[in-house]
Amino acid sequence: MDWGNVTAEDLIDALREVDWSSPPRPLSEFFSRFTVPKSSAKWNSRLKCNLYYYRTNYFLMIVLILGLGFLRRPLAIAAALLTAVSIAFLNDSFAGTFSEKVTRTVRQFSPHLAAKMRPPFTPVIRGRPSAKRAIYICGRPRWMFVLMFSSVSFILWYVSCGLLTVLWAVAIGLLATILHASFRTPNLKARLNTFREEFRAVWRNYSEL
């Protein structure tokens with residue numbers, strides 16, 4: 001795959017739709033080999049490839065940096081976790097998995113309530129949904145959960161007075177992510193993983209025809 005032809009919008013859409021439940025890559029692989037890209041085109045391709053392949057590692061690294069910055073601010077830690085969850089809700093796979101696990105847990109105590117948490121039925125016409133598939137969490141539109149978690153996290157940020165700290169922590173985390181993605185040499189696993197995701201995308205488009 002030529003990552004140089006992948007736009008930022010395509011990368012964001014792929015990160016939104018891909019499964020984030022996979023475990024992070026081992027540290028021995030994450031810190032394995034670093035080289036300087038030979039050209040700006042090589043750097044652009046390497047950056048996008050590593051951002052996609054090591055996405056879970058980068059997410060955990062940013063969360064860890066945020067946690068270290070808020071050791072003495074428990075409210076700020078809670079705000080950071082709620083912010084991370086609200087961002088994770090934007091990923092289709094995470095939202096679906098979260099909704100399924102919550103509904104399964106509620107079903108053990110109240111099957112009637114769990115039945116109300118099912119997403120609305122979407123009619124299918126000639127093998128295709130009649131409208132673009134909307135994401136629901138516990139029977140409610142996804143944006144409601146994103147708005148709720150974001151609002152609570154904003155209140156906690158304001159109360160804990162940790163907004164400046166989080167800006168520094170996020171800046172350091174993003175800088176560390178960009179530096180690692182720029183100098184980490186993509187290995188064979190990254191390329192094979194890319195080909196596998198390409199095949200899944202092609203197969204999904206083919207099955208929708």
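Residues numbered from 1 in each chain as written. Predicted model: local features only at pLDDT ≥ 70, side-chain atom pairs only at ≥ 80, totals over all residues. Heavy atoms only, no water.

Per an unreviewed UniProt entry, the recorded name for the protein is PRA1 family protein, and the organism is Hevea brasiliensis. Per UniProt, the protein has the following entry under Sequence similarities (unreviewed entry): "Belongs to the PRA1 family." (UniProt positions renumbered as here; feature names shortened; annotations may be inferred.)

Let us look at unusual backbone geometry. Although it is not a glycine, cysteine 138 adopts a positive phi angle of roughly 55°. Take cysteine 138: it is sitting in the loop between strand S3 (136-137) and strand S4 (140-141). (Helix = DSSP H or I, 4+ residues; strand = E, 2+ residues; numbered from the N terminus.)

Glancing now at the environment of alanine 84. Its place among the elements puts alanine 84 in helix H5 (residues 74-88). Residues alanine 84 and isoleucine 62, spaced 22 residues apart in sequence, show a C-alpha to C-alpha distance of 9.8 Å.

What follows deals with the UniProt feature "transmembrane region" (unreviewed entry) in the protein. UniProt's feature table lists "transmembrane region" (unreviewed entry) at residues 52-71, 77-98, 143-160 and 166-183, given in the numbering used throughout. Secondary structure across residues 143-160 comprises 100% helix and 0% strand; the distance between its end C-alpha atoms is 25 Å. What you have in residues 166-183 is 100% helix and 0% strand, and the ends, taken at the C-alpha atoms, are 26 Å apart.

As a further point, take H5. Two residues of an α-helix separated by three or four positions point the same way, owing to the 3.6 residues in each turn. The end-to-end C-alpha distance of H5, which contains 15 residues, comes to 21 Å, matching closely the 21 Å that a straight helix rising 1.5 Å per residue would cover. All of the buried residues along H5 are Ala76, Ala79, Ala80, Ala84, Ser86 and Ala88. Those residues of H5 that are buried are in contact with helix H4 (55-69), helix H6 (92-109) and helix H8 (142-160). (Expected span 1.5 Å × (residues − 1). Buried < 20%, exposed > 50% of the residue type's maximum accessible area, 1.4 Å probe, protein only. Contact = heavy atoms within 4.5 Å.)

The next thing to look at is the packing of aromatic side chains. Evaluation of the coordinates by the stated rule reveals 10 aromatic pairs. Ring centres of phenylalanine 94 and phenylalanine 98 lie 6.3 Å apart, and the angle between their planes is 20°; on these two criteria the pair is classed as stacked. Residue phenylalanine 94 and its partner phenylalanine 98 are both found in helix H6; the two are separated by 4 residues, about one turn of the helix. Under the relative-accessibility criterion, phenylalanine 94 is labelled partly exposed at 30%. Residue classification places phenylalanine 98 among the partly exposed positions, given a relative accessible area of 27%. In this structure an aromatic cluster arises from ring pairing among Phe30, Phe31, Tyr53, Tyr54 and Tyr58. (Phe/Tyr/Trp six-rings, centres within 6.5 Å; stacked < 30°, edge-to-face > 60°.)

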